[in-house]
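Take a look at the letters that make up each chain.
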Amino acid sequence: MSNRFLDAESSYYNTQFIHNDLNGLNIESNSEMKIKVIGHVDTFTLKTIHENYEIISKNLKVYPTINVYSRDYKFEGGFGGFYYYDKNHINIADHYYIVSMLAHEMRHAYQYIYFPNLFFNTSYSSVREYLACDIERDARGYALDYCTIREYWEEVRECQKIEQDYELVIQNKMTASTVGLDEGYFIKKPYGSTLTTRNYQSNERALNYSEKKVKQNSILNKQLHPFIKATLITCASILGLGFVLLGLFSIIILLAAMVPD
Ligand SMILES: [Zn+2]
């Protein structure tokens, strides 16, 4: 069976996988430079986070900054962590299953940095859509694969158990609140499909618009582009030729006027 951690490791020797420093936001550095603690986090947990950051960052070639909040910290929507792609930053709250959570959020950084088209081709406005979308399934898959390779068996069991519950929520057989997610949050703050170009790192602005608009635009583009292009080129050519002829004509008239009778 394939394993996402091993896949990433083997792609390390593949020329397609080149470290992208995101114009300074993803510079290779050790965990001491990247991880900050907000509030109280016990030494053992923090050591575990640092150790695993070192391994995951090298495996995925992602070096996000991380703020680790104390266990009682509550994020909106019921999330245990959050990845901010525009800052390549992760907020994470101390948790009993912290390794899988760290792996999950760092996988989002990997998706954004190395697969932006897939990362942005995501939209959801309900817990079911959120749990079922590709980037979430991939991040959960990586967390499970990572814990398996590192033999965090208790976290592996938890990942497998929660995956079964998520399937039930996706199939509408279990409520979102049972798995600790807030349905109201997703209705209030739907996540829109965002379009960006492959070279978005060079300060290109990402454009937000709904999937419907993307489809409409692409149809319009396909139908009108060659036609508009041909028309513009023809108009420009006629206009250009007109100006040249007009210029020549003026010179002839001028010369004719200058010729003495
Ligand atoms: Zn996620």
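Residues numbered from 1 in each chain as written. Predicted model: local features only at pLDDT ≥ 70, side-chain atom pairs only at ≥ 80, totals over all residues.

A.B. asks: Would you explain the packing of helix H4 (residues 98–114) against helix H7 (residues 134–149) in this entry?
C.D. replies: To characterise two packed helices, one gives the angle between the axes of the helices and the distance between these axes. In contact at an axis separation of 8 Å, H4 and H7 are set at 130 degrees when each is read in the N-to-C sense. Judged on the interaxial angle alone, H7 and H4 are oblique. Judged by the sense of rotation from one axis to the other, the crossing of H4 with H7 is right-handed. Residues Val 99, Ser 100, Ala 103, His 104, Arg 107, His 108 and Gln 111 of H4 touch H7, and the partners they reach there are Ile 135, Asp 138, Ala 139, Arg 140, Tyr 142, Ala 143, Tyr 146 and Cys 147. (Axes fitted to C-alpha atoms, helices over the stretch in contact; angles between N-to-C directions. Helix = DSSP H or I, 4+ residues; strand = E, 2+ residues; numbered from the N terminus. Parallel < 35°, antiparallel > 145°, perpendicular 65-115°, else oblique. Left-handed = near helix turned anticlockwise from the far one by under 90°. Contact = placed C-beta atoms within 7 Å.)

A.B. asks: So what exactly am I meant to see when it comes to the sheet that holds strand S3 (residues 81–84) here?
C.D. replies: What links the strands of a sheet is backbone hydrogen bonding, and the strands pair in either a parallel or an antiparallel sense. The strand order S1-S2-S4-S3 describes an open sheet built from 4 strands, whose pairing is mixed. For this open sheet the edge positions go to strand S1 (35–38) and S3, each flanked by a neighbour on one side alone. Neighbour to neighbour, the strand axes of the sheet diverge by 15 degrees on average, direction disregarded. Here S3 pairs with strand S4 (residues 89–93) via 4 bridges, running antiparallel. Bridging across to S4, Phe 82 finds its partner in Asn 91. Contacts from H4 reach S3 and S4, with the element oriented near 20 degrees to S3. (Pairing = 2+ DSSP bridges.)

All we've got here are geometric facts, nothing functional implied.
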